[in-house]
Amino acid sequence: MKFKKALVALAAASVFSGAVAAEKLSVAATPVPHAELLEFVKPKLAEQGVELDVKVFTDYVQPNIQVDQKRLDANFFQHQPYLDEFNDGRGTNLVTVTGVHVEPFGAYSNRIDSLDDLEKGDVIAIPNDPTNGGRALLLLQKAGVITLKEDSKITATPRDIADNPKDLDFKELEAATLPRILGQVDVALINTNYALEAGLNPSEDALIIEGSESPYVNILVARPDNKDSEAVKKLAKALKSDDVREFIKKQYEGAVVPAF
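Residues numbered from 1 in each chain as written. Predicted model: local features only at pLDDT ≥ 70, side-chain atom pairs only at ≥ 80, totals over all residues. Heavy atoms only, no water.

Participant: Sorry if this is basic, but what is going on with a negative patch on the surface here?
Facilitator: Together, Asp 113, Asp 116, Asp 117 and Glu 119 make up a negatively charged patch on the protein surface. By the secondary structure assignment, Asp 116 is in the loop between β5 (106-108) and β6 (123-127). Given a relative accessible area of 68%, Asp 116 falls into the exposed group. (Patch = residues over 30% accessible without salt bridge, like charges linked within 9 Å, V, L, I, M, F, W, Y side chains within 5 Å. Areas by Shrake-Rupley, 256 points an atom, 1.4 Å probe, with all protein chains shown as cover. Salt bridge = Lys/Arg side-chain N within 4 Å of Asp/Glu carboxyl O. Lys, Arg positive; Asp, Glu negative; His and termini not counted. Charge placed at Lys NZ, Arg CZ, Asp CG, Glu CD. Helix = DSSP H or I, 4+ residues; strand = E, 2+ residues; numbered from the N terminus. Buried < 20%, exposed > 50% of the residue type's maximum accessible area, 1.4 Å probe, protein only.)

Right, here's the structure in full:
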């Protein structure tokens, strides 16, 4: 009799628990626009049985480390050149799930209105991580401010500058700090996620900015062991939905560009 009652109780519990519990998916992201995009798709994922837990970070290192160490499932904050450099330098094996959007990289200043106004010895701040520092220098080269050595690529550093007509002083600083020190330098090259977070409007405030053809697509990243999981696949599909495309266009007005 006790056994029969236990079975009845178990069956009832299953009915009232709503059958299968939602699968949890923890994703690291920088605040803007990555975390905002994840929060936007969270309700849709909940309808599909995925409980999305967004963990916000303000640096470019811990999100990869924590995914690699299996403390988090995935991350959304970086582009492919940065991931490749990180994997090579840290011995990790993180992989791209899908590309989502482009954040055109820009140059900002509180002192001048045009790069033509740069004076001899002015201080230029760029990110100190290999790929974003090189990306900044390539943008300045495109603007005619400097010339890099012929074989310079995305990993270029100030040592790769071949011609610096105005003898500009380059300071390499952590990407997240650049908006905060904008008033202490003449120009700062800032990643759009940090620019937006600081209240800058890239389409209006940037002295020069990459076009929508930028190859630095921001990607959803996971590990080889979970990249094909149903939860990660559902997240990837949600991030590339028509709803997200329209959200990006309306919310960021050209500061963030859909890559799908």
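Participant: Explanation requested: helix α9 (residues 242-252) in the structure shown.
Facilitator: Since the α-helix turns once every 3.6 residues, residues separated by three or four places project in the same direction. The complete set of buried residues in α9 reads Val 244, Phe 247, Ile 248 and Tyr 252. Projected down its long axis, α9 shows its buried positions confined to an angular sector of 100°, all on one face. Among the exposed residues of α9, those oriented more than 90 degrees off its buried face are Asp 242 and Lys 250. Check the buried side of α9 and you find it contacts α2 (31-47), β4 (95-102), α6 (192-197), α8 (230-239) and β13 (257-258). Once α9 ends, the next one or two residues include Glu 253, with phi positive near 45°. (Arc of directions from axis to C-beta. Contact = heavy atoms within 4.5 Å.)

Participant: For this particular structure, what's the right way to read the nonpolar core?
Facilitator: Generally speaking, a soluble globular protein has its nonpolar side chains buried in company with each other. Core analysis: the largest hydrophobic core is formed by 30 residues, its most contacted members being Leu 38, Leu 52, Leu 235, Leu 239 and Tyr 252. Taken together, the elements giving at least two residues each to this core come down to β1 (23-29), α2, β2 (50-56), β3 (74-79), β12 (217-222), α8 and α9. One finds Leu 115, Leu 118, Leu 137 and Leu 168 within the second-largest nonpolar core, a separate group that totals 21 residues. (Core = buried A, V, L, I, M, F, W, Y, C linked by side-chain atoms within 4.5 Å.)

Participant: What exactly am I supposed to notice about the sheet that holds β4 here?
Facilitator: Sheet strands pair by backbone hydrogen bonding; their relative direction is either parallel or antiparallel. Judged by pairing direction, the sheet is mixed, and its six strands sit side by side in the order β2-β1-β3-β12-β4-β13 without closing on themselves. On the outer flanks of this sheet lie β2 and β13, each paired with one strand and no other. Across the sheet, α2 touches β1, β2, β3, β4 and β12, and the angle it forms with β2 is around 165°. Helix-sheet contacts for α8 involve β1, β2, β3, β4 and β12, and the interaxial angle to β1 is about 55°. (Pairing = 2+ DSSP bridges. Axes fitted to C-alpha atoms, helices over the stretch in contact; angles between N-to-C directions.)

Participant: Is there a simple way to think about the packing of α2 against α9 in this case?
Facilitator: In helix packing, the relevant descriptors are the interaxial angle and the interaxial distance, both defined with respect to the helix axes. Look at α2 against α9: their axes get within 11 Å of each other, and the N-to-C directions meet at 140°. The angle between the axes of α2 and α9 places the two elements in the oblique class. By crossing handedness, the relation of α2 to α9 is classed as right-handed. Listed contacts from α9 to Val 32, Pro 33, Glu 36, Leu 37, Phe 40, Val 41 and Lys 44 of α2 are Asp 243, Val 244, Phe 247, Ile 248, Gln 251 and Tyr 252. (Parallel < 35°, antiparallel > 145°, perpendicular 65-115°, else oblique. Left-handed = near helix turned anticlockwise from the far one by under 90°.)

Participant: Can you help me understand the pattern of salt bridges in this one?
Facilitator: Where side chains of opposite charge bring their charged atoms close, a pairing between them can arise. A complete count under the given rule lists 10 salt bridges for this structure. Between Asp 228 and Lys 227 there is a salt bridge, and its shortest N-O distance comes to 3.0 Å. Through salt bridges with shared partners, one network takes in Arg 111, Asp 122 and Asp 186.

Participant: Whenever I open this one, the environment of Asp 167 confuses me. Can you help?
Facilitator: For Asp 167, the position within the fold is in the loop between β8 (161-163) and β9 (169-173). By relative accessible area, Asp 167 is classed as partly exposed at 45%. Along the sequence, Asp 167 and Asp 122 sit 45 residues apart, while their C-alpha atoms lie 7.7 Å from each other. Not counting the four nearest positions on each side in its chain, Asp 167 is found in contact with Lys 120 and Gly 121.

Participant: Could you clarify how one ought to interpret helix α4 (residues 80-90) in this entry?
Facilitator: Listed as buried for α4 are Tyr 82, Leu 83, Phe 86 and Asn 87. Angularly, the buried residues of α4 cover 130° about the axis, an arc narrow enough to put them on a single face. Looking at α4, the residues exposed on the side facing more than 90 degrees away from the buried face are Asp 88 and Gly 89. Following α4 by one or two positions, Gly 91 adopts a phi angle in the positive range, close to 75°.

Participant: How should the sheet that holds strand β10 (residues 187-190) be read in this particular structure?
Facilitator: Read across the open sheet, the five strands follow the order β9-β6-β10-β5-β11; overall the sheet is mixed. Only two strands of the sheet have a single partner each, and these edge strands are β9 and β11 (208-209). Judged from the two bridges that link them, β5 and β11 form a sheet pairing that is antiparallel. Within the sheet, the bridge partner assigned to Ala 107 lies in β11 and is Ile 208. With respect to the sheet, helix α5 (residues 130-142) is in contact with β5, β6, β9, β10 and β11, its orientation differing from that of β6 by roughly 135°.

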